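Chain and residue survey
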Amino acid sequence: MKKLCIYEKLFARDFCLPSVEAWVRGESSNAKGWTDLNQPFLPYIITERFEDTVRFNYDLQGVDWVCDLLSKFAHHDKDFLKKIELTVLGKLKFIRPIYEKEKAIPLSGLKRFLKELEDGYPWFEAMWWFFQMDELKIKDLNLNNLEKVRMLTDTLCNGSDTVIRKSLRKIYPKLGDLSSVLTTGEILSGNLPTRKELIKRDEGYFFGNNQLLVGNNRDDIEKLFNIKFKIKKFDSAVLLGRVAQMGVVRGFVRRVMGHKQINELKNGEILVSSMTIPDFLPAMKKAAAIVTNEGGVLCHAAILARELKIPCITGTRFATHVLRDGNYVEVDANNGVVKFLKPSSKK
(Lines give C-alpha, C1' and ligand atoms only; values in the text may rest on other atoms or scores of the structure.)
Protein backbone atom coordinates (compact mmCIF):
# COMPACT_ATOMS: atom_id res chain seq x y z
CA MET A 1 0.00 0.00 0.00
CA LYS A 2 1.27 3.47 -0.88
CA LYS A 3 2.64 5.40 2.09
CA LEU A 4 0.44 8.29 3.23
CA CYS A 5 2.14 11.54 2.22
CA ILE A 6 2.06 14.56 4.53
CA TYR A 7 1.51 17.96 2.92
CA GLU A 8 2.59 21.04 4.84
CA LYS A 9 1.59 24.64 4.17
CA LEU A 10 4.76 26.59 3.42
CA PHE A 11 3.12 29.94 2.63
CA ALA A 12 -0.12 31.63 1.59
CA ARG A 13 -0.81 34.44 -0.87
CA ASP A 14 -3.86 35.89 -2.59
CA PHE A 15 -2.73 34.90 -6.08
CA CYS A 16 -5.08 34.72 -9.05
CA LEU A 17 -5.74 31.27 -10.52
CA PRO A 18 -3.51 31.69 -13.62
CA SER A 19 -0.59 32.61 -11.30
CA VAL A 20 -1.29 29.53 -9.22
CA GLU A 21 -1.41 27.30 -12.29
CA ALA A 22 1.87 28.65 -13.67
CA TRP A 23 3.60 28.13 -10.32
CA VAL A 24 2.20 24.68 -9.54
CA ARG A 25 2.51 23.15 -13.01
CA GLY A 26 5.90 24.77 -13.54
CA GLU A 27 7.30 23.21 -10.37
CA SER A 28 5.47 19.88 -10.35
CA SER A 29 4.09 18.24 -13.48
CA ASN A 30 5.88 20.15 -16.27
CA ALA A 31 9.24 19.03 -17.66
CA LYS A 32 12.00 20.76 -15.74
CA GLY A 33 14.50 21.33 -18.52
CA TRP A 34 17.51 21.23 -16.20
CA THR A 35 16.99 17.47 -15.72
CA ASP A 36 15.28 14.64 -17.60
CA LEU A 37 14.02 13.25 -14.30
CA ASN A 38 10.44 13.89 -13.22
CA GLN A 39 9.24 14.86 -9.76
CA PRO A 40 8.50 11.46 -8.11
CA PHE A 41 6.34 12.86 -5.31
CA LEU A 42 3.37 14.12 -7.29
CA PRO A 43 1.07 15.97 -6.85
CA TYR A 44 3.99 17.62 -4.91
CA ILE A 45 2.07 20.90 -4.52
CA ILE A 46 -1.62 21.19 -3.65
CA THR A 47 -3.03 24.68 -3.37
CA GLU A 48 -6.20 25.55 -1.50
CA ARG A 49 -8.14 28.77 -1.93
CA PHE A 50 -9.63 29.51 1.49
CA GLU A 51 -10.77 32.78 3.06
CA ASP A 52 -9.72 34.80 0.01
CA THR A 53 -6.14 33.56 0.04
CA VAL A 54 -4.33 30.56 -1.45
CA ARG A 55 -2.44 28.11 0.72
CA PHE A 56 0.52 26.37 -0.92
CA ASN A 57 0.87 22.88 0.57
CA TYR A 58 4.02 20.93 -0.30
CA ASP A 59 5.12 17.32 0.10
CA LEU A 60 8.47 17.96 1.82
CA GLN A 61 9.81 14.71 0.37
CA GLY A 62 9.47 16.36 -3.02
CA VAL A 63 11.29 19.45 -1.76
CA ASP A 64 14.17 17.29 -0.53
CA TRP A 65 14.28 15.45 -3.86
CA VAL A 66 14.61 18.71 -5.80
CA CYS A 67 17.23 20.17 -3.46
CA ASP A 68 19.31 16.98 -3.35
CA LEU A 69 19.29 16.73 -7.14
CA LEU A 70 20.25 20.38 -7.64
CA SER A 71 23.04 20.08 -5.10
CA LYS A 72 24.35 16.93 -6.77
CA PHE A 73 24.36 18.48 -10.25
CA ALA A 74 26.03 21.68 -9.04
CA HIS A 75 28.82 19.77 -7.29
CA HIS A 76 29.48 17.39 -10.20
CA ASP A 77 29.09 19.78 -13.15
CA LYS A 78 31.09 23.00 -12.97
CA ASP A 79 28.91 24.54 -15.67
CA PHE A 80 25.54 23.74 -14.06
CA LEU A 81 25.12 26.98 -12.11
CA LYS A 82 26.13 29.02 -15.14
CA LYS A 83 23.55 27.16 -17.21
CA ILE A 84 20.84 28.12 -14.70
CA GLU A 85 21.97 31.76 -14.67
CA LEU A 86 21.93 32.10 -18.46
CA THR A 87 18.65 30.23 -18.88
CA VAL A 88 16.88 32.32 -16.22
CA LEU A 89 18.13 35.52 -17.86
CA GLY A 90 16.73 34.26 -21.15
CA LYS A 91 13.37 33.39 -19.56
CA LEU A 92 13.20 36.86 -18.00
CA LYS A 93 13.85 38.74 -21.23
CA PHE A 94 10.18 38.99 -22.18
CA ILE A 95 8.37 38.86 -18.83
CA ARG A 96 10.60 41.01 -16.60
CA PRO A 97 9.90 44.41 -18.24
CA ILE A 98 6.20 43.59 -17.97
CA TYR A 99 6.01 42.41 -14.34
CA GLU A 100 8.23 45.27 -13.15
CA LYS A 101 5.82 47.84 -14.64
CA GLU A 102 2.78 46.07 -13.12
CA LYS A 103 0.47 47.48 -15.79
CA ALA A 104 -2.35 45.81 -17.73
CA ILE A 105 -1.49 44.34 -21.11
CA PRO A 106 -3.80 43.35 -24.00
CA LEU A 107 -5.10 39.81 -24.47
CA SER A 108 -2.51 38.88 -27.10
CA GLY A 109 0.30 39.98 -24.78
CA LEU A 110 -1.28 38.28 -21.79
CA LYS A 111 -1.45 34.95 -23.61
CA ARG A 112 2.26 35.07 -24.36
CA PHE A 113 3.04 36.32 -20.84
CA LEU A 114 1.22 33.37 -19.26
CA LYS A 115 3.07 30.90 -21.49
CA GLU A 116 6.50 32.46 -20.89
CA LEU A 117 5.86 32.65 -17.13
CA GLU A 118 4.94 28.97 -16.84
CA ASP A 119 7.84 27.89 -19.09
CA GLY A 120 10.24 29.78 -16.85
CA TYR A 121 9.07 28.42 -13.51
CA PRO A 122 11.14 25.18 -13.51
CA TRP A 123 14.27 27.30 -13.91
CA PHE A 124 13.17 29.95 -11.41
CA GLU A 125 12.46 27.12 -8.96
CA ALA A 126 15.93 25.65 -9.50
CA MET A 127 17.55 29.02 -8.80
CA TRP A 128 15.39 29.87 -5.77
CA TRP A 129 15.96 26.57 -3.99
CA PHE A 130 19.74 27.15 -3.82
CA PHE A 131 19.03 30.01 -1.42
CA GLN A 132 16.77 27.95 0.83
CA MET A 133 18.88 24.78 1.12
CA ASP A 134 20.74 23.92 4.29
CA GLU A 135 24.44 24.83 4.35
CA LEU A 136 25.68 21.28 3.75
CA LYS A 137 23.96 21.10 0.37
CA ILE A 138 25.55 24.33 -0.88
CA LYS A 139 28.96 23.82 0.74
CA ASP A 140 31.83 24.86 -1.56
CA LEU A 141 29.43 26.30 -4.16
CA ASN A 142 29.98 29.86 -5.38
CA LEU A 143 26.48 31.36 -5.61
CA ASN A 144 27.52 35.00 -6.02
CA ASN A 145 26.58 35.30 -9.69
CA LEU A 146 23.40 33.30 -9.19
CA GLU A 147 22.44 35.64 -6.34
CA LYS A 148 22.68 38.63 -8.67
CA VAL A 149 20.31 36.93 -11.11
CA ARG A 150 17.98 35.90 -8.28
CA MET A 151 17.60 39.53 -7.24
CA LEU A 152 16.10 40.27 -10.65
CA THR A 153 13.18 38.02 -9.68
CA ASP A 154 12.43 39.62 -6.31
CA THR A 155 9.16 41.05 -7.63
CA LEU A 156 8.41 38.31 -10.17
CA CYS A 157 5.63 36.53 -8.26
CA ASN A 158 3.74 39.55 -6.93
CA GLY A 159 4.40 41.66 -10.01
CA SER A 160 3.24 38.95 -12.40
CA ASP A 161 0.10 38.38 -10.37
CA THR A 162 -0.68 42.11 -10.47
CA VAL A 163 -0.19 42.23 -14.24
CA ILE A 164 -2.48 39.24 -14.76
CA ARG A 165 -5.20 40.63 -12.44
CA LYS A 166 -5.17 44.09 -13.98
CA SER A 167 -5.17 42.68 -17.51
CA LEU A 168 -8.07 40.31 -16.85
CA ARG A 169 -10.18 43.06 -15.27
CA LYS A 170 -9.58 45.24 -18.32
CA ILE A 171 -10.18 42.43 -20.85
CA TYR A 172 -13.31 41.12 -19.08
CA PRO A 173 -14.81 44.19 -17.35
CA LYS A 174 -18.21 42.54 -16.86
CA LEU A 175 -16.60 39.84 -14.71
CA GLY A 176 -14.85 42.29 -12.39
CA ASP A 177 -12.76 40.54 -9.73
CA LEU A 178 -14.22 37.16 -10.74
CA SER A 179 -11.90 37.29 -13.75
CA SER A 180 -9.09 36.36 -11.34
CA VAL A 181 -10.41 32.79 -11.10
CA LEU A 182 -10.42 32.12 -14.84
CA THR A 183 -8.04 29.32 -15.79
CA THR A 184 -5.16 29.77 -18.20
CA GLY A 185 -6.89 27.40 -20.63
CA GLU A 186 -10.06 29.49 -20.60
CA ILE A 187 -8.10 32.67 -21.24
CA LEU A 188 -6.21 31.09 -24.14
CA SER A 189 -9.32 29.53 -25.72
CA GLY A 190 -11.82 32.28 -24.96
CA ASN A 191 -14.30 29.66 -23.74
CA LEU A 192 -15.38 31.21 -20.46
CA PRO A 193 -17.41 29.43 -17.76
CA THR A 194 -20.64 30.73 -16.32
CA ARG A 195 -20.66 33.44 -13.68
CA LYS A 196 -22.12 30.88 -11.26
CA GLU A 197 -19.08 28.64 -11.76
CA LEU A 198 -16.68 31.54 -11.19
CA ILE A 199 -18.45 32.46 -7.96
CA LYS A 200 -18.02 28.88 -6.73
CA ARG A 201 -14.31 28.99 -7.54
CA ASP A 202 -13.94 32.34 -5.81
CA GLU A 203 -15.44 30.82 -2.66
CA GLY A 204 -12.86 28.05 -2.67
CA TYR A 205 -11.00 25.50 -4.76
CA PHE A 206 -8.09 23.07 -4.74
CA PHE A 207 -5.51 22.86 -7.53
CA GLY A 208 -2.97 20.07 -7.81
CA ASN A 209 -1.82 17.42 -10.27
CA ASN A 210 -3.13 19.75 -13.00
CA GLN A 211 -6.68 19.36 -11.66
CA LEU A 212 -8.98 22.18 -10.57
CA LEU A 213 -11.32 20.83 -7.91
CA VAL A 214 -14.29 22.96 -6.84
CA GLY A 215 -16.84 22.10 -4.15
CA ASN A 216 -14.50 19.70 -2.32
CA ASN A 217 -13.32 19.76 1.28
CA ARG A 218 -9.99 18.69 2.74
CA ASP A 219 -11.24 15.17 3.48
CA ASP A 220 -12.17 14.75 -0.18
CA ILE A 221 -8.71 15.84 -1.33
CA GLU A 222 -6.93 13.63 1.21
CA LYS A 223 -8.86 10.58 -0.05
CA LEU A 224 -8.38 11.48 -3.72
CA PHE A 225 -4.60 11.80 -3.51
CA ASN A 226 -3.97 9.53 -0.49
CA ILE A 227 -2.40 12.35 1.47
CA LYS A 228 -2.74 14.10 4.80
CA PHE A 229 -2.63 17.84 5.40
CA LYS A 230 -0.44 18.71 8.36
CA ILE A 231 -2.36 20.69 10.97
CA LYS A 232 -0.36 23.17 13.03
CA LYS A 233 -1.81 23.55 16.51
CA PHE A 234 -1.80 26.77 18.49
CA ASP A 235 -1.38 26.05 22.20
CA SER A 236 -0.26 29.34 23.75
CA ALA A 237 -1.93 32.23 25.55
CA VAL A 238 -0.04 34.74 23.40
CA LEU A 239 1.27 35.01 19.85
CA LEU A 240 5.04 35.16 19.52
CA GLY A 241 6.94 36.40 16.48
CA ARG A 242 9.93 38.36 15.20
CA VAL A 243 10.31 42.07 15.86
CA ALA A 244 10.41 43.87 12.51
CA GLN A 245 9.68 47.42 13.75
CA MET A 246 9.54 48.31 17.42
CA GLY A 247 6.64 49.93 19.23
CA VAL A 248 3.63 49.07 21.40
CA VAL A 249 0.03 49.75 20.38
CA ARG A 250 -3.45 48.52 21.21
CA GLY A 251 -6.27 48.24 18.74
CA PHE A 252 -8.94 46.23 17.00
CA VAL A 253 -7.96 43.49 14.57
CA ARG A 254 -8.73 43.65 10.86
CA ARG A 255 -7.75 40.56 8.88
CA VAL A 256 -6.57 41.35 5.36
CA MET A 257 -6.48 37.91 3.79
CA GLY A 258 -6.51 39.10 0.20
CA HIS A 259 -7.36 41.88 -2.21
CA LYS A 260 -11.00 41.99 -1.13
CA GLN A 261 -10.20 43.30 2.35
CA ILE A 262 -7.71 46.03 1.40
CA ASN A 263 -10.34 48.78 1.49
CA GLU A 264 -12.05 47.41 4.62
CA LEU A 265 -9.26 48.35 7.02
CA LYS A 266 -9.95 51.57 8.94
CA ASN A 267 -7.47 54.02 10.39
CA GLY A 268 -5.87 52.75 13.57
CA GLU A 269 -6.78 49.07 13.18
CA ILE A 270 -4.27 46.22 13.53
CA LEU A 271 -3.59 44.70 10.11
CA VAL A 272 -3.36 40.90 10.41
CA SER A 273 -2.36 38.90 7.35
CA SER A 274 -0.62 35.73 6.28
CA MET A 275 1.94 37.90 4.50
CA THR A 276 1.60 41.32 2.91
CA ILE A 277 2.15 42.07 -0.77
CA PRO A 278 2.64 45.44 -2.51
CA ASP A 279 -1.08 45.71 -3.30
CA PHE A 280 -1.73 45.93 0.46
CA LEU A 281 0.06 49.29 0.76
CA PRO A 282 -3.11 51.45 1.06
CA ALA A 283 -4.22 49.36 4.05
CA MET A 284 -0.75 49.30 5.60
CA LYS A 285 -0.61 53.10 5.58
CA LYS A 286 -3.77 53.24 7.73
CA ALA A 287 -2.78 50.46 10.15
CA ALA A 288 -1.66 51.10 13.73
CA ALA A 289 0.42 47.90 13.61
CA ILE A 290 1.05 44.90 11.39
CA VAL A 291 1.10 41.23 12.39
CA THR A 292 1.81 38.38 9.96
CA ASN A 293 2.00 34.60 9.96
CA GLU A 294 5.09 34.45 7.76
CA GLY A 295 8.27 36.34 7.06
CA GLY A 296 11.34 37.70 8.78
CA VAL A 297 13.08 41.04 9.11
CA LEU A 298 13.57 41.33 5.33
CA CYS A 299 10.06 40.43 4.19
CA HIS A 300 7.71 42.93 2.52
CA ALA A 301 5.75 43.64 5.71
CA ALA A 302 8.91 44.29 7.72
CA ILE A 303 10.48 46.59 5.15
CA LEU A 304 7.33 48.67 4.68
CA ALA A 305 6.66 48.81 8.43
CA ARG A 306 10.11 50.30 9.00
CA GLU A 307 9.56 52.85 6.23
CA LEU A 308 6.14 53.78 7.66
CA LYS A 309 7.37 53.54 11.27
CA ILE A 310 4.52 51.18 12.18
CA PRO A 311 5.06 48.52 14.91
CA CYS A 312 5.34 45.15 13.20
CA ILE A 313 5.67 41.51 14.26
CA THR A 314 6.26 38.85 11.61
CA GLY A 315 6.50 35.06 11.63
CA THR A 316 3.84 34.37 14.28
CA ARG A 317 2.64 31.33 12.26
CA PHE A 318 -0.88 31.48 13.72
CA ALA A 319 -2.04 35.13 13.57
CA THR A 320 -4.74 34.64 10.94
CA HIS A 321 -5.82 31.36 12.54
CA VAL A 322 -6.56 32.72 16.01
CA LEU A 323 -7.30 36.43 15.50
CA ARG A 324 -10.64 37.61 14.17
CA ASP A 325 -12.01 40.98 13.10
CA GLY A 326 -12.98 42.99 16.16
CA ASN A 327 -10.62 41.25 18.62
CA TYR A 328 -8.91 43.82 20.84
CA VAL A 329 -5.19 43.12 21.20
CA GLU A 330 -1.92 44.64 22.30
CA VAL A 331 0.91 44.44 19.78
CA ASP A 332 4.13 44.60 21.79
CA ALA A 333 6.63 44.88 18.97
CA ASN A 334 9.42 45.61 21.44
CA ASN A 335 9.29 42.01 22.56
CA GLY A 336 7.55 40.27 19.65
CA VAL A 337 4.36 39.49 21.57
CA VAL A 338 0.67 39.86 20.67
CA LYS A 339 -1.59 39.74 23.73
CA PHE A 340 -5.33 39.06 23.69
CA LEU A 341 -6.81 41.77 25.89
CA LYS A 342 -10.48 40.90 25.53
CA PRO A 343 -12.71 39.08 23.03
CA SER A 344 -14.73 42.26 22.40
CA SER A 345 -16.29 42.98 19.05
CA LYS A 346 -15.66 46.37 17.54
CA LYS A 347 -18.59 48.76 17.92
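Scroll up for the structure.
The paragraphs below set out a description of the structure included in this document. What you are looking at is a predicted structure, and each value in this text was computed from that prediction instead of being measured.

1. Thoughts on the overall build of the protein
Each helix and strand in the protein was counted, giving 12 helices and 14 strands. By the burial criterion, 52% of the 347 residues in the protein qualify as buried. Considering only contacts in the protein between residues 6 or more positions apart, those separated by 24 or more positions represent 62%. Surface exposure of the protein reaches about 16500 Å², of which carbon and sulfur atoms provide 52%. Of the side-chain charges in the protein, 55 are positive and 43 negative, and the distance between the mean point of each set is 4 Å.

2. Overview of the pattern of salt bridges
According to the stated counting rule, one finds 33 salt bridges in the structure shown. E116 is the partner of R112 in a salt bridge, and the nearest nitrogen-oxygen pair spans 3.2 Å. Placement of the pair is R112 and E116 together in helix 4 (residues 107–129), with a separation of 4 residues, close to one helical turn. Classification of E116 as partly exposed rests on a relative accessible area of 22%. Linking D119 and K115 is a salt bridge whose minimum nitrogen-to-oxygen distance equals 2.9 Å. Placement of the pair is D119 and K115 together in helix 4, with a separation of 4 residues, close to one helical turn.

3. A few points about the packing of helix 1 (residues 17–27) against helix 4
Where helix 1 contacts helix 4, the two axes come as close as 8 Å, and the packing angle between them is 40 degrees. As summarised for this structure, helix 1 and helix 4 are arranged oblique, according to the angle between their axes. Here helix 1 and helix 4 pass one another in a crossing that is right-handed. Contact residues: helix 1 offers P18, E21, A22, W23, R25, G26 and E27, while helix 4 offers L114, L117, E118, Y121, P122 and E125. By residue class, the composition of the contact of helix 1 with helix 4 is 7 nonpolar, 1 polar and 5 charged.

4. Digging into the layout of surface pockets
Taken as a whole, the largest pocket spans an internal volume of roughly 1200 Å³. R13, Q132, R150, D154 and C157 are, among the 30 residues lining the largest pocket, the residues nearest its centre. At the level of secondary structure, the elements contributing two or more residues to the lining of the largest pocket comprise strand 1 (5–13), helix 1, helix 4, helix 6 (156–171) and helix 11 (300–308). Among the elements that take part in the lining of the largest pocket, helix 6 stands out by supplying 4 residues, more than any other. By residue class, the composition of the lining of the largest pocket is 15 nonpolar, 8 polar and 7 charged. Its volume calculated, the second largest pocket comes out at about 410 Å³. The set of elements that each furnish at least two residues to the lining of the second largest pocket consists of strand 1 and strand 3 (53–59). Residues of the lining of the second largest pocket, tallied by class, amount to 4 nonpolar, 5 polar and 9 charged.

Thresholds applied
Residues numbered from 1 in each chain as written. Predicted model: local features only at pLDDT ≥ 70, side-chain atom pairs only at ≥ 80, totals over all residues. Heavy atoms only, no water. Helix = DSSP H or I, 4+ residues; strand = E, 2+ residues; numbered from the N terminus. Buried < 20%, exposed > 50% of the residue type's maximum accessible area, 1.4 Å probe, protein only. Contact = heavy atoms within 4.5 Å. Areas by Shrake-Rupley, 256 points an atom, 1.4 Å probe, with all protein chains shown as cover. Lys, Arg positive; Asp, Glu negative; His and termini not counted. Charge placed at Lys NZ, Arg CZ, Asp CG, Glu CD. Salt bridge = Lys/Arg side-chain N within 4 Å of Asp/Glu carboxyl O. Axes fitted to C-alpha atoms, helices over the stretch in contact; angles between N-to-C directions. Parallel < 35°, antiparallel > 145°, perpendicular 65-115°, else oblique. Left-handed = near helix turned anticlockwise from the far one by under 90°. Nonpolar A, V, L, I, M, F, W, Y, C, P; charged D, E, K, R; others polar. 1 Å grid on protein atoms, 1.4 Å probe; cavity = no way out; pocket = protein on both sides within 12 Å on 5 of 7 lines; lining within 4 Å. Points joined across faces, edges and corners; volume = space filled by probe spheres on them.

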